[in-house]
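Chain residues, written in single-letter form:
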2 protein chains.
Amino acid sequence: MAKQHRALRTRQELIRSAAEVFDHVGFADSSINAISSRAGMSTGAVHFHFGNKRALGNAVELAAAQSLLHITGRIPLRHPAPLQHLVDTSHSLARCLLDDPVLRAGFRLGTDATWQSDGDLWEQWQDWVHMMLTVARDQGSLAPEVGVEDAVYAITAVVAGFEVRARRDAEWCSRQGVNRFWRLLLPRLASERVARSLVPEGTVTPVWRLAGHTPALGR
Amino acid sequence: MAKQHRALRTRQELIRSAAEVFDHVGFADSSINAISSRAGMSTGAVHFHFGNKRALGNAVELAAAQSLLHITGRIPLRHPAPLQHLVDTSHSLARCLLDDPVLRAGFRLGTDATWQSDGDLWEQWQDWVHMMLTVARDQGSLAPEVGVEDAVYAITAVVAGFEVRARRDAEWCSRQGVNRFWRLLLPRLASERVARSLVPEGTVTPVWRLAGHTPALGR
């Protein structure tokens, strides 16, 4: 058991190290040597646990997809405040894009020209936004004249844009940055019934602060 | 003169070819050999006209910055319809991001981990959006309760997000895709006086259709 635990830990450390190296120099320029030595291991450890760099890239993407799933949570078919939940979750996602190198690398691999990916984390995010807005519509939280598809497009794109801009200036993914967007959009998006109760800067302890969540390790 | 013209043309063809290769495999994996043979030239032509790959990258970025300047145009301090001009220009930019490999490569180099850039085309776009919204505010076209900074953030980020998503699905940068965003945002952004006159799908012949504009060549 101790041996299995050690192997799992080694894998997780290599995934994190790979994510950081991909992040700095892109997939193409990342050498197995740079990845293993960043984790304080030999190149043999990479070959033993993953085989090659591509398999390591796949492992990073999978861990990132699991982190995203953890951030969004399952779709609540009934939720007392679906729009607020969407706002809060977008704050969590933006924050984790800053703090979690594995999540960030997963999203960036999807737009790295030197990486051919099957998955697409932005699509996973888009699907979740779509479901949440559908729940909001069904519960009368959405302004009747707003098109769900239009809102899905805008909310998906704007978070992707924050990630792109945050590569230059982390402010874009900060609470203040995301708050700007919701402050602008919520009065348009929300029905009269719920508009006054919404908090654009978010309401709950974000998922990345909850004890026991280690997004970088893809649990 | 004919010789100078030929040299200019060769440079432009190499810039376009480099942009296409950067786009496909990223800066790091782009070889001078792939770039020159795509343009139907020898590697010697690249060395003669640019010296090295980095100089070619700089030339791509400069040509893209010029194209962006051409798309946005100069800031009109007085404009009869500043918000509509912003909408129309965002359509042009999105369209050119699809059609013009040099413009696209310029924006993408700015987020390529294997490229260290001084410039940043998204910042150039952001500054232009900021100026246009300031003009709109001064002329009473902006809803009084909307914060200019909030709108600058959202509009900059959403177009950056469209570019990211369009790498997977061109629909995001299409007229229909950009229209979705403006259909959602304009009723919130515009003052009552101008709201009814705005056309989210754009009004003018986009710049990329005007005869004589060859954005890819960075003129």
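The paragraphs below set out a description of the structure included in this document. (Residues numbered from 1 in each chain as written. Chains lettered and ligands numbered in written order. Predicted model: local features only at pLDDT ≥ 70, side-chain atom pairs only at ≥ 80, totals over all residues. Heavy atoms only, no water.)

### Observations regarding the overall build of chain A
Per the secondary structure count, chain A includes 10 helices and zero strands. Its helices and strands taken in sequence order, chain A reads α-α-α-α-α-α-α-α-α-α from the N to the C terminus. What you see for chain A is a C-alpha radius of gyration of 19 Å, in line with the 17 Å of a compact globule of 219 residues. A total of 219 residues make up chain A; the buried ones form 58% of that total. A sequence separation of at least 24 residues applies to 71% of the contacts in chain A between residues at least 6 apart. (Helix = DSSP H or I, 4+ residues; strand = E, 2+ residues; numbered from the N terminus. Rg over C-alpha atoms; globule rule 2.2 N^0.38 Å. Buried < 20%, exposed > 50% of the residue type's maximum accessible area, 1.4 Å probe, protein only. Contact = heavy atoms within 4.5 Å.)

### What about helix α8 (residues 148-166) of chain A?
Spanning 19 residues, α8(A) covers 27 Å between terminal C-alpha atoms, matching the ideal 27 Å at 1.5 Å per step. Most of α8(A) sits out of view: 18 of its 19 residues are buried. (Expected span 1.5 Å × (residues − 1).)

### A look at the environment of B:Q139
Residues and elements named next belong to chain B. Relative to the helices and strands, Q139 is located in the loop between α7 (121-138) and α8 (148-166). On the accessibility criterion, Q139 (28% relative accessible area) is partly exposed. Taking the C-alpha atoms as reference, Q139 lies 29 Å from Q176; in sequence the two are 37 residues apart. Aside from chain neighbours lying at most four places away, what touches Q139 is L77, R78, H79, P82 and R193.

### Some details on the relation of the copies chain A and chain B
Each copy of the sequence occupies a distinct position, and chain A is placed on chain B by a rotation of 180 degrees and an axial shift of 0.0 Å, giving an RMSD of 0.0 Å. A rotation of that kind, with that shift, is consistent with a two-fold axis. A high fraction, 100%, of the interface residues of chain A reappear at the interface in chain B, so the copies pair face to face through one surface. (Least-squares fit on C-alpha atoms with pLDDT ≥ 70 in both.)

### Considering the interface of chain A and chain B
Much of the literature gives interface size as the accessible area that the parts lose upon coming together. Counting residues at the interface gives 45 residues for chain A and 45 residues for chain B. Carbon and sulfur atoms supply 60% of the area buried between chain A and chain B, which totals about 3,700 Å² over both sides. Contact with chain B buries surface across chain A, with A:Y153, A:R168 and A:L184 losing the most and accounting together for 21% of the total. Our enumeration of links across chain A and chain B arrives at eight salt bridges. B:D150 is the salt-bridge partner of A:R183, the closest N and O atoms lying 2.7 Å from each other. Connecting chain A to chain B are 11 residue pairs in polar contact (both at pLDDT 80 or more). Where the side of chain A that touches chain B is concerned, the elements lending two or more residues are α1 (2-29), α7 (121-138), α8 and α9 (175-189) of chain A. It is α8(A) that contributes the most residues to the side of chain A that touches chain B, 13 residues altogether. Its residues assigned to classes, the side of chain A that touches chain B shows 20 nonpolar, 11 polar and 14 charged. (Buried area = accessible area lost by both parts, 1.4 Å probe. Salt bridge = Lys/Arg side-chain N within 4 Å of Asp/Glu carboxyl O. Polar contact = N/O pair within 3.5 Å; in protein donor to acceptor, adjacent residues only side chain to side chain. Nonpolar A, V, L, I, M, F, W, Y, C, P; charged D, E, K, R; others polar.)

### As for the packing of aromatic side chains
Given two aromatic rings, one states the distance between the centres and the angle between the planes to describe the pair. Scanning all chains against the criterion turns up 18 aromatic pairs over all chains. Centre to centre, the rings of B:F162 and B:F181 are 6.5 Å apart; their planes meet at 85 degrees, and the pair counts as edge-to-face. Here B:F181 lies in helix α9 (residues 175-189) and B:F162 lies in helix α8, a separation of 19 residues in the sequence. Exposure remark for B:F162: the relative accessible area of 1% places this residue in the buried category. With a relative accessible area of 3%, B:F181 lands in the buried category. When the ring centre of A:W115 is taken as reference, the NZ or CZ atom of A:R54 above it lies at 4.2 Å. (Phe/Tyr/Trp six-rings, centres within 6.5 Å; stacked < 30°, edge-to-face > 60°. Lys NZ or Arg CZ within 6 Å of the ring centre and 35° of its normal.)

### Quick word on the environment of A:P187
Residue and element names in this part refer to chain A. Relative to the helices and strands, P187 is located in helix α9. The partly exposed category is assigned to P187, whose relative accessible area is 47%. Separated by 11 residues in the primary sequence, P187 and L198 place their C-alpha atoms 9.2 Å from one another.

### Looking at the nonpolar core
Ranked by internal contacts, the top residues of the largest apolar core, which has 98 residues, are A:I155, A:L189, B:I155 and B:L189. Beyond its immediate stretch of four places on either side in the chain, A:L189 contacts A:L83, A:S141, A:L142, A:A143, A:V146, A:A151, A:I155, A:W182 and B:L184. If you look at the next biggest cluster of nonpolar residues, it comprises 21 residues, including B:L14, B:A18, B:V21 and B:V102. (Core = buried A, V, L, I, M, F, W, Y, C linked by side-chain atoms within 4.5 Å.)

### Side note on helix α4 (residues 53-72) of chain B
Between its first and last C-alpha atoms α4(B) spans 29 Å; for 20 residues at 1.5 Å apiece the expected length is 28 Å, and the two agree. The N-cap of α4(B), judged by a side-chain oxygen 3.3 Å from the amide nitrogen of B:R54 a few residues on, is B:N52.

### Describing the pattern of salt bridges
Under the criterion given, the structure shown has 26 salt bridges over all chains. Between B:E163 and B:R167 there is a salt bridge whose closest N-O contact spans 2.9 Å. Residue classification places B:E163 among the buried positions, given a relative accessible area of 4%. Since its relative accessible area comes to 26%, B:R167 is described here as partly exposed. Residues joined by salt bridges that share partners form a network here, namely A:D23, A:R104, A:R108, A:E163 and A:R167.

### Overview of the packing of α8(A) against α9(B)
Between α8(A) and α9(B), the shortest axis-to-axis distance is 8 Å and the interhelical angle comes to 105 degrees. Judged on the interaxial angle alone, α9(B) and α8(A) are roughly perpendicular. When α8(A) is examined against α9(B), the residues A:E149, A:D150, A:A151, A:Y153 and A:A154 are found in contact with a partner set consisting of B:G177, B:R180, B:F181, B:R183 and B:L184. Of the residues assigned to the contact of α8(A) with α9(B), the class counts are five nonpolar, one polar and four charged. (Axes fitted to C-alpha atoms, helices over the stretch in contact; angles between N-to-C directions. Parallel < 35°, antiparallel > 145°, perpendicular 65-115°, else oblique.)

### Section: the packing of helix α5 (residues 82-99) of chain A against α9(A)
Helix packing for two helices is described by the angle between their axes and how far apart those axes are. All names here are of chain A. At a minimum axis separation of 10 Å, α5 and α9 run at an interaxial angle of 160 degrees. Between α5 and α9, the angle is such that the two are roughly antiparallel. Like other packed secondary-structure pairs, α5 and α9 cross with a definite hand, here right-handed. Residues L83, L86, V87, S90, H91 and A94 of α5 pack against R175, V178, N179, W182, L186 and L189 of α9. Class assignment for the residues of the contact of α5 with α9 results in eight nonpolar, three polar and one charged. (Left-handed = near helix turned anticlockwise from the far one by under 90°.)

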